[in-house]
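Each chain, letter by letter, is given below.
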Amino acid sequence: MADSHAMEAAARIGLCARGVIYVLVGLFAVQIGFGGDSGKEADRSGAVSTIGDQPFGRVLLWALVVGLAAMALWRLSEAVFGQAVAGGDTWTRRLGSLGLAVFYTVIAIGVAQTALVGGSAGGRPGDDTSKDYTAKVLSWPGGRALVGVVGAVLVIVGVVIVVRSLMRKFEDNLRTEEMSAPTRRVVAWLGVIGGVACGVIAAVAGLFIVLAALRFEPSEAKGLDATLRSFATTPAGPVS
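The notes below deal with the structure included here.

Rules behind the numbers
Residues numbered from 1 in each chain as written. Predicted model: local features only at pLDDT ≥ 70, side-chain atom pairs only at ≥ 80, totals over all residues. Heavy atoms only, no water. Patch = residues over 30% accessible without salt bridge, like charges linked within 9 Å, V, L, I, M, F, W, Y side chains within 5 Å. Areas by Shrake-Rupley, 256 points an atom, 1.4 Å probe, with all protein chains shown as cover. Salt bridge = Lys/Arg side-chain N within 4 Å of Asp/Glu carboxyl O. Helix = DSSP H or I, 4+ residues; strand = E, 2+ residues; numbered from the N terminus. Buried < 20%, exposed > 50% of the residue type's maximum accessible area, 1.4 Å probe, protein only. Contact = heavy atoms within 4.5 Å. Core = buried A, V, L, I, M, F, W, Y, C linked by side-chain atoms within 4.5 Å. Axes fitted to C-alpha atoms, helices over the stretch in contact; angles between N-to-C directions. Parallel < 35°, antiparallel > 145°, perpendicular 65-115°, else oblique. Left-handed = near helix turned anticlockwise from the far one by under 90°. Nonpolar A, V, L, I, M, F, W, Y, C, P; charged D, E, K, R; others polar.

**Brief notes about a nonpolar patch on the surface**
Residues Leu73, Leu76, Val80, Phe81, Trp91, Leu95, Leu98, Val102 and Val106 make up a contiguous nonpolar surface patch of roughly 890 Å² in combined accessible area. Among the elements of the structure, helix H3 (57–81) and helix H4 (91–117) are those that each provide at least two residues to the nonpolar patch. Looking at the nonpolar patch, the element that brings in the most residues is H4, giving five residues. Note on placement: leucine 98 falls in helix H4. Overall, leucine 98 belongs to the partly exposed group, its relative accessible area being 39%.

Pasting the structure below:
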């Protein structure tokens, strides 16, 4: 079932929906880098809000909900039946797919709620959510250590993503043999650049969480928007 035409269609639809969000977040990041400010958070909430502000915004949001639901269904099928790649039935891959299924289900529900209430609310900014969750966990017994562990894990995940991207491991999940040589080169470069960017952002966000634990200060934790804005203040400035 995980390798069926239905799941392939769900995967394609879901990846397109995720791609729309990535493109919008990328555009916001470019604006931040060059000193502009669209007034939107450079994260999922800002992307959803932007889509909702367009003509027929509510219709577009429901289309996004369908795409994200398809992504969740695809990942759930992988968790139940195993991924349609060599070694895809190991428990680690199944667990990873289950986590992604839950993740995309939560996002789809959030976008659906936004579509129901008006179409441009976009949900709470990720920075506020990160600070609230960090403050809540820090108030628990042993919460400071738990926050530090979460941050450290995120740093490790970010480093692993960077290394795997540089090694072009993402090509293991692509049908590169069906691509022309120019297409393979373009896909390879996009995969490396995108993967490294994703890993760096994850690692830096993890460092901010570790800092929040060390200083016992929830405001040190940052979501995607604040993490991207922190790059704009580095010596590399707009380039980073």
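**Quick look at the side chain of threonine 134**
Topologically, threonine 134 is positioned in helix H5 (residues 126–138). Look at threonine 134 and you get buried, because its relative accessible area is 8%. Ignoring anything within four residues of it in the chain, the contact list for threonine 134 reads Val147, Ala212, Pro218 and Ala221.

**Observations regarding the nonpolar core**
In terms of nonpolar packing, the biggest core is built from 28 residues, with Ile21, Leu61, Leu64, Leu68, Trp74, Tyr104 and Val111 touching the most fellow members. For this core, the elements supplying multiple residues, two or more each, are helix H1 (5–33), helix H2 (44–53), H3 and H4. Sort the elements by how many residues they give to this core and H1 lands first, with nine residues. Look past the residues within four positions of leucine 64 in its chain and what remains in contact with it is Ala17, Ile21, Val48, Ile51 and Val111. Judged by nonpolar contacts, the second largest core, of five residues, contains Val137, Leu138, Val147 and Ile209.

**Details of the packing of H1 against H3**
Between H1 and H3, the least distance of the axes is 7 Å, while the angle of their chain directions is 130°. The angle between H1 and H3 falls in the class oblique. The way H1 lies across H3 gives a crossing that is left-handed. On H3, the residues touching Met7, Ala10, Ala11, Ile13, Gly14, Leu15, Ala17, Arg18 and Ile21 of H1 are Leu64, Gly67, Leu68, Ala70, Met71, Leu73, Trp74 and Ser77. When its residues are assigned to classes, the contact of H1 with H3 shows 13 nonpolar, three polar and one charged.

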